[in-house]
Each structure stands twice: as C-alpha cells, then as structure tokens.
Amino acid sequence: MSIRIQKTFEALFALEEVRGLFRESLPTGFDPEEEAAFRQKIAEVKAILADLEAGTGTPKVTKIAGTIDLRTREEQSINIQPIQAAGRLTTEARKALISYGDGYSTCDACRKPFRLDKISKPGIAEFHADLAKFVNMDHARVVPGARRGFQAVTNTLVNKGDSVIVSALAHYTEFLAVENAGGVVKEVPLNAKNIVTGEATAQKIEEVKRETGKLPVLVMIDHFDYQFANEHEIKEIGKVAHQYDIPFLYNGAYTVGVMPVDGKAIGADFVVGSGHKSMASVAPSGVLAMTDEWLPKTLRTTAMVGDLTKRKFGIKEVELLGCTLMGGTLLSMMASFPTVKARTKKWEDEVKRSNYFIGRLLKITGSKVLSEYPRKHTLTKVDTTGSFDTVAQTHKRRGFYFSDELSSRGIVGEFAGATRTWKLNTYGLSEKKIRYLADAFTEVAEKHGIPVAK
Ligand SMILES: *Cc1c(COP(=O)(O)O)cnc(C)c1O
C-alpha cells in the first residue's frame, strides 16, 4: 500500500481518538490528565501528518479493534467489481458517516408524531419529498435495501398462493420477497437477445391466468437486470400490466441514482432503488416510491391496540415497522444526494466510457460481449474464453494469472480466477482511468501472446 494512503488512515484514526477524548471528558472541558492525553494525541497526529506529507514512515496501524483490516481498495485501486461501482461513497457521505455514525443519530430532534420521514432537523422530511420528486412519484420512503422495498410491496399485495410476474433474469431478492409473502414467482422468458418484452409479459400473464384461473397480483421487472445489464422493455411492460389492471413495480436497483428515472412516464405504481448499489450510500439503504393510489395500502399506519394497556402507536407505518434508516445510512444517502442528482444527468458520458472500454476489450482477439452491444449500461458481462482463458489453460496459476496481472496494475474487482464469463462495472471511472484500464487489458494480452487488433 502507498505509505501516504496508510498515513491518511492513521491520521483519521488518530483524530477519532482525539474525538474520543472529548466524549470522555466533562462538558466543561479537560481535567489536567485529559489535557495531557490530548496534547500527546495531537503530537501523534502532527507526526503522522508530517509522514503523510513527505510520504515517509512505516505502517503503524494495520487493524481496527485488533482484528479488522483497513479497507483501502477504493484509494489504492481501480475497482471494477460489478455491484460496488455506484455505491462508493462521495466525500460528503463519508463526512456524514463520521458525524452521524452513532446509533439513532437521526433522532436528536424527533418530535411528535415521531416518524423518521417527518424529522426536519436534519432535513429528513425535505429529503423524502426530494426523493419522490427525483423518481417522479408521489411518495417516497427510505428502506434498508431495494429488497426491503420489494418486501413491503409483496407483503401488502401478495396473499398465499398468489402469482407474481418477474423476469427470467430476476434478482434473488425478488424471489425471496415473493416467497416471504407466500406467493409464487412466474418468470417471463427472454427473447433471443436476452430482453424481456412487453409482449412476452402479456403472454406470461395469459398463461398464468389459464393455468391458475387467477391473474397475477403484481408485475415486478428490472429495468436493467443484474446478469447482463440489458435494458428491458419497461414502458411496454408497464402498459401491459395496466391493461390487466395489475400493479407494476419498477426495479431500479441498477438505475435509480445513476440515470434519470421518471416513474410516472414509465407507468410505475412502485419504484424501488438501492442506496448501496446505485446511490453512493452506506448499506443497507434504498428507496421505495409509489403513487398516491398505493399509499393507504402499502404505507398503512398501525391500527393495533394493546389489549391490556390500550396503547396505540399513532402513524407508524406497518410495512416499515415504524422507522427504517435511523442513523449513518440515511445521512450518507442525504449527503450524497446532490451529487447523485447531478450525476444522473451525465449518464450518457458514463455509457460512452463503458463502450470505449468494451470496444478496446473486443480488439483483444477472441473476446466477446455477452450483454447487448453497444452498451447502454456500465455493467457488462464479457466472455474471455477465446482470449484470456486460452492462457489460463497452460498457466501454472491457472485463471489466477489474470487477477495477478490486473492487481499488479492496481485493478481489482474482477472475479478472482475467472477467465471465461465474468462481469465488470466501469461506473464512475474518469476518462483517465478508463484509458488506463483499457491499456492495462491490452498490455496483459500482449504480454501473454494474445493478438490485439490496432
Ligand atoms: C442488487 C439488486 C437487488 C438488491 O438490492 P439491495 O439494495 O441490495 O436489496 C435487487 N434487484 C436487482 C436487479 C439488483 O441488481
């Protein structure tokens, strides 16, 4: 690791220790012993900063709490891990995490009627309104991950044995949300291009109706799926769902927070997004948005009364179990939000860079793209059986030679040892990094005798 990165972490940790001294002292200030400890800590910080500036010194802190390694891959490397790219925190989010890391930190100024989305200091209520507007829906709530958004909807709409339409590329969390509610998934098959179409969705609905005698109760489809990140016919699917009067959940785990999403234009009843996948937020976080129509059902408030005490809990929402993201997770979302809003307007540039990289990869003889091409997303499934895997066949490190080559160039996040079909995500990489990445792949190919077209 670069000693400067190491010293940056050490300086941050040392300042946290200074902070700890404030937490342990009286509100009136340090006693002499604490003052001495403070001065000693400040001296340590200064020494670390001197090393940081000069790039000198040796690693002094390698663990947190004696056992946990420092995580420095985002500082040290270019990370092309498929699910991590758009969940990397902004600098503002990291500040929010430092500041609001304490347990129920959102609750300092929680006043009647005691609900997370009503808190105005910090501006959580306003953030909820902004979130709804961001995806052009009427209401939004924060949830611990897209999956909890699905769950709130399935628990509301799905009864035992009910069918739910999902795609043949649906994420496992969609299966589990349906299962959790006692429903049964019915998958829409893909066309020859691995796309879910409106027409295939209509056929599947008809099939379910024929076989079960009942219409499905929910259509839940990913705009871009997690396997190929192909774009599916989301508008047409929304239209079909409405023709059958079935509510439509738009799964924006790979879209909300990276590209513009207009829930109303799509015809969505629900829009679900993932904070830690696509909104530069701490996990678990996400958004569940809906139209006015679904509010009374999906966000119904508690009606329960204690038989003994006659207690009632006001306007707490049942599916959300009252409050959801009550600390650093939510504040990280809020702190990243201005950047996230702005970055969705630059999505075309992200796609351009994704296509630049894939174009360069395709020049390496034998490489293929399994996702639709040209790319419409930054996540891509590639097949390097005909290129990098040919080397793995005879290499003593097998497929690991490839990860070794990449990591020695500061590139991480490809599935270690995989040289056949694998996924990568270029989201957030600058022009400079994209070129570096493409050059690195070219270099590795040439080094191992794989021809590269000019
Ligand atoms: C990642 C992903 C999810 C799950 O998102 P969480 O926020 O982790 O719950 C759901 N659906 C799709 C298509 C995904 O890619």
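If you're wondering where the values come from, they're calculated on a predicted model, not measured in any experiment.

**Here we look at the domain arrangement of the protein chain**
- Here the protein chain is partitioned into domain 1 (3-76), domain 2 (105-343) and domain 3 (347-447).
- Listed by partner, the interface residues are 15 residues for domain 2 and twelve residues for domain 3.
- Our count for the contact surface shared by domain 2 and domain 3 stands at one salt bridge.
- The partner of Lys376 in a salt bridge is Glu231, and the shortest N-O contact between them spans 3.6 Å.
- On inspection of domain 2 and its partner domain 3, the count reaches eight residue pairs in polar contact (both at pLDDT 80 or more).

**Looking at the nonpolar core**
- Formed by 57 residues in total, the largest nonpolar core has its most connected members in Val219, Ile221, Phe248, Tyr250, Val256, Val271 and Leu330.
- Here this core gets six residues from one element, more than from any other, and that element is helix α13 (residues 328-344).
- Looking at which domains feed residues into this core, each of domain 2 (105-343) and domain 3 (347-447) supplies at least three.
- Residues in contact with Val256, not counting those within four places in the same chain, are Phe134, Val135, Tyr250, Val261, Val271, Val272, Gly273, Ser278, Met279 and Val287.

**Digging into the pattern of salt bridges**
- One pass over the structure, following the stated rule, counts 30 salt bridges.
- Its salt-bridge partner being Arg115, residue Glu317 comes within 3.2 Å of it at the nearest N-O pair. Residue Glu317 is located in the loop between α12 (295-298) and α13, and its partner Arg115 is located in the loop between α4 (91-100) and α5 (124-134); the two are separated by 202 residues in the primary sequence. Per residue, the accessibility class of Glu317 equals that of Arg115, and both read buried.
- With a closest N to O distance of 3.6 Å, Lys454 and Glu446 form a salt bridge.
- Linked through salt bridges whose partners overlap, the residues forming this network are Arg115, Asp117, Arg141 and Glu317.

Procedures and definitions
- Residues numbered from 1 in each chain as written.
- Predicted model: local features only at pLDDT ≥ 70, side-chain atom pairs only at ≥ 80, totals over all residues.
- Heavy atoms only, no water.
- Domains from an automatic or database assignment.
- Contact = heavy atoms within 4.5 Å.
- Salt bridge = Lys/Arg side-chain N within 4 Å of Asp/Glu carboxyl O.
- Polar contact = N/O pair within 3.5 Å; in protein donor to acceptor, adjacent residues only side chain to side chain.
- Core = buried A, V, L, I, M, F, W, Y, C linked by side-chain atoms within 4.5 Å.
- Buried < 20%, exposed > 50% of the residue type's maximum accessible area, 1.4 Å probe, protein only.
- Helix = DSSP H or I, 4+ residues; strand = E, 2+ residues; numbered from the N terminus.

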